[in-house]
Amino acid sequence: MSQPYGQHGQPPNYAGGQVPYYPPPPDPYNQKNNQYQQYPQHPQYPPPSAPPPSFMQSQSMGNNGENNDNAGTNNKFNPTPKYRDLWAAILFLLHLGAFIALSVLALRNYAAIQRSGSSDSVQKITLNWSTIWLLLICVGVGFVLSMIYLAFAERFPRRFIIGTFIISILFYWAMAVFYFIAKYFSMAILIAIVAIFYTLFFFWWRPLIPFSSVMLETVIDITKKFKSLLLVAFSGLFLETLYSIWWIFTFIAAYQVWYPEACRARSDNNLPATGACESGKIVAIVVFLLFSFYWTSQVIQTWVHVTTSGVFATYYFFEGTPQGVPSMPTLRSAKRASTTSFGSICFGSLIVALLQVIRALLRSAAQETDNPFGAFCFACASVIVDMVESLLQYFNFYAYTQVAIYGKSFRESVKDTWTLIKDRGVEAIINDNLIGTVIAMGALLVGIVTALISYLYVIILKNVGGGYIPLVVFLGFIIGFQMMTIMGSIILSGSATTFVCLAEDPRALERTKPDLYRAIRNTYPSFATGM
């Protein structure tokens, strides 16, 4: 569509700045085909109202170039985000209320048992105060080891990866020898197999260590710029520690009150709201407590992850730009994770918690059954559930970065993150990154240390009644593992956020962290060419 021009080819001025439309005049002299035409007729377009969309924004636009209903979620750090997956947040709060009610009931009745003088007969059958002190010791050991592990990663990032591999390999071999000497052959064979695989992985993955070292240095460097990230991790660890202690007391009290043999051993059973001595009741209570522990721990870990991812993404996209990094990025990110994105955090954590409970029940069934074929089937089912859980946690971890940046719902984040990573080809770089593997090895290492402490405590003192040694060792492992997982989440979150941001805007990495950009370009030339 042509527009009439004024004198000297300049457009005339109209009131209000609006250019009226005039139909073109007839062309009797066929001037359109005149190659010497002075003023070619070019279509006039209004100036763009916004910059071109990013990769993720283009994924949510239709063929006609218009945003769909979810386009509002594609604004980075939207100042007015919407509440996402609100139902999951409400369900989590209701579950937390149920846990508090059960805890109050169990602890009140346990106190009544102590006052009645019938606790001695109960403690001979089930768990007792010695178990509580043991698990509290595990909490303290897990806390100290986690702090030492993180401090080592910050001070010696390049040696962190190699050192973790070597220490883990030596520790697993030592554990295997210990269990052989103790004639615990099934555990000895299992740990020996793990030690063999870790030894082989160390030699297979050595060429990938330089790249992972650069990535770790980058994450640690950003962590040093934002010291408040350590406060976020410490807050998560503090909440996890308090909840673990509370859960331990509740778990022990529930066994003292509702375990059938302990219930029958009491001289009277007139405690309020305890009911009859039924085995089904304690099974339901234990399953609920396990589910509550897994779900709440996952929510705490994910909250730390989403908060940390928001800070790393803020630095990635705004560092070196005219507007610069906004003030108090950690506080802003924590606010979003605690309000509008909390439902998405609860949703993803709920799925993982359900799988963890199923896996724990299958493992318990495999250990308690007397049928070898049944034990084998339960063990195989446990392995399958464990694999599904690992895949889900893998996707969730990167998807929550989208939650932190754009405030998307959980389902949107999983779908869009996978599309983004596959289209950019970043999955090869993610697979070659050893940081996640090293942190997982560290968590297993801390968990095994606390489990070993639990085992030695029970064997030496012999004051845990009822033959609950496997249960006590298992609880000790869970506590240590969760402690290290919380502290290592800063490093893992920074690494995952860097990958997702790299897939969306690779050139921003060249501006903020040129060393890492050059390492990726040299190690993965095909990805650099695609940029």
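Cut-offs and rules
Residues numbered from 1 in each chain as written. Predicted model: local features only at pLDDT ≥ 70, side-chain atom pairs only at ≥ 80, totals over all residues. Heavy atoms only, no water. UniProt positions renumbered as here; feature names shortened; annotations may be inferred. Helix = DSSP H or I, 4+ residues; strand = E, 2+ residues; numbered from the N terminus. Buried < 20%, exposed > 50% of the residue type's maximum accessible area, 1.4 Å probe, protein only. Contact = heavy atoms within 4.5 Å. Areas by Shrake-Rupley, 256 points an atom, 1.4 Å probe, with all protein chains shown as cover. Core = buried A, V, L, I, M, F, W, Y, C linked by side-chain atoms within 4.5 Å. Arc of directions from axis to C-beta. Patch = residues over 30% accessible without salt bridge, like charges linked within 9 Å, V, L, I, M, F, W, Y side chains within 5 Å. Salt bridge = Lys/Arg side-chain N within 4 Å of Asp/Glu carboxyl O. Phe/Tyr/Trp six-rings, centres within 6.5 Å; stacked < 30°, edge-to-face > 60°.

Looking at an unreviewed UniProt entry, one finds the protein named Protein PNS1, with Rhizophagus irregularis as its source organism. Of the protein, the UniProt comment under Sequence similarities (unreviewed entry) reads exactly: "Belongs to the CTL (choline transporter-like) family." Quoted verbatim from the Function (unreviewed entry) field of UniProt, the annotation for the protein is "Probably involved in transport through the plasma membrane."

**Overview of the overall build of the protein**
Of regular secondary structure, the protein possesses 20 helices and 0 strands. For the protein, the residues scored as buried account for 48% of the 531 residues in total. In the protein, the proportion of contacts linking residues at least 24 apart, taken out of those at least 6 apart, comes to 79%. On the protein, roughly 26700 Å² of surface is accessible, and the fraction owed to carbon and sulfur atoms is 64%.

**Thoughts on the nonpolar core**
With 130 residues, the main nonpolar core has Phe 160, Trp 247, Phe 251, Trp 258, Leu 289, Trp 295 and Ile 491 as its most contacted residues. Considering each element in turn, this core owes the most residues, 21 residues, to helix 10 (residues 279–318). The next biggest cluster of nonpolar side chains, apart from the first, holds 5 residues, and it includes Val 352, Leu 362, Val 385 and Leu 392.

**What about unusual backbone geometry?**
In this structure, Asp 85 is a non-glycine residue whose phi angle is positive, near 50°. Its location among the elements puts Asp 85 in the loop between helix 1 (55–59) and helix 2 (86–116). Phi is positive for Met 328, close to 50°, though the residue is something other than glycine. Checked against the element boundaries, Met 328 lands in the loop between helix 10 and helix 11 (329–338). Here Met 328 falls in the exposed class, since its relative accessible area comes to 54%.

**Comments concerning the environment of Ala 195**
Among the structural elements, Ala 195 can be located in helix 6 (residues 185–204). Classification of Ala 195 by relative accessible area gives buried; the value is 0%. On a C-alpha basis, the gap between Ala 195 and Ala 176 in space is 8.2 Å, while along the polypeptide they are 19 residues apart. With residues up to four places along the chain from it excluded, the contact list for Ala 195 reads Tyr 172 and Trp 173.

**Things to note about helix 11**
Those residues of helix 11 that sit buried are Pro 329, Thr 330, Ser 333, Ala 334, Arg 336 and Ala 337. The arc that holds every buried residue of helix 11, seen down its axis, measures 160°, which confines them to one face. Exposed residues on helix 11 whose side chains face more than 90 degrees from its buried face are Leu 331 and Lys 335.

**Quick notes on a nonpolar patch on the surface**
A surface patch of nonpolar side chains, about 560 Å² in accessible area, is lined by Met 147, Leu 231, Phe 234, Phe 238, Leu 239 and Leu 242. It is helix 8 (residues 228–258) that contributes the most residues to the nonpolar patch, 5 residues altogether. Within the element layout of this structure, Met 147 appears in helix 4 (residues 129–155).

**Structural notes on the pattern of salt bridges**
A complete count under the given rule lists 3 salt bridges for this structure. The partner of Arg 359 in a salt bridge is Glu 389, with the nearest N and O atoms 2.9 Å apart. Residue Arg 359 is located in helix 12 (residues 342–368), and its partner Glu 389 is located in helix 13 (residues 372–406); the two are separated by 30 residues in the primary sequence. Relative accessible area serves as the criterion here: at 5%, Glu 389 is assigned to the buried category. A salt bridge links Lys 408 to Asp 416, with the nearest nitrogen and oxygen atoms 2.8 Å apart. The pair Lys 408 / Asp 416 is uniform in exposure class, with both members buried. Counted as one network, the salt bridges with shared partners bring together Arg 359, Asp 386 and Glu 389.

**A short note on the environment of Trp 295**
Relative to the helices and strands, Trp 295 resides in helix 10. Separated by 54 residues in sequence, Trp 295 and Ser 349 place their C-alpha atoms 6.0 Å apart.

**Focus: the packing of aromatic side chains**
In total, this model carries 29 aromatic pairs according to the counting rule given. Measuring from centroid to centroid gives 5.0 Å for Trp 87 and Phe 347, while their planes differ by 65°, and the two rings are edge-to-face. Placement of the pair is Trp 87 in helix 2 and Phe 347 in helix 12, with a sequence separation of 260 residues. Residue Phe 347 is classed as buried on the basis of its relative accessible area, which comes to 13%. Between Phe 397 and Tyr 398, the aromatic rings sit 6.4 Å apart at their centres with planes inclined by 85°, giving edge-to-face as the arrangement.

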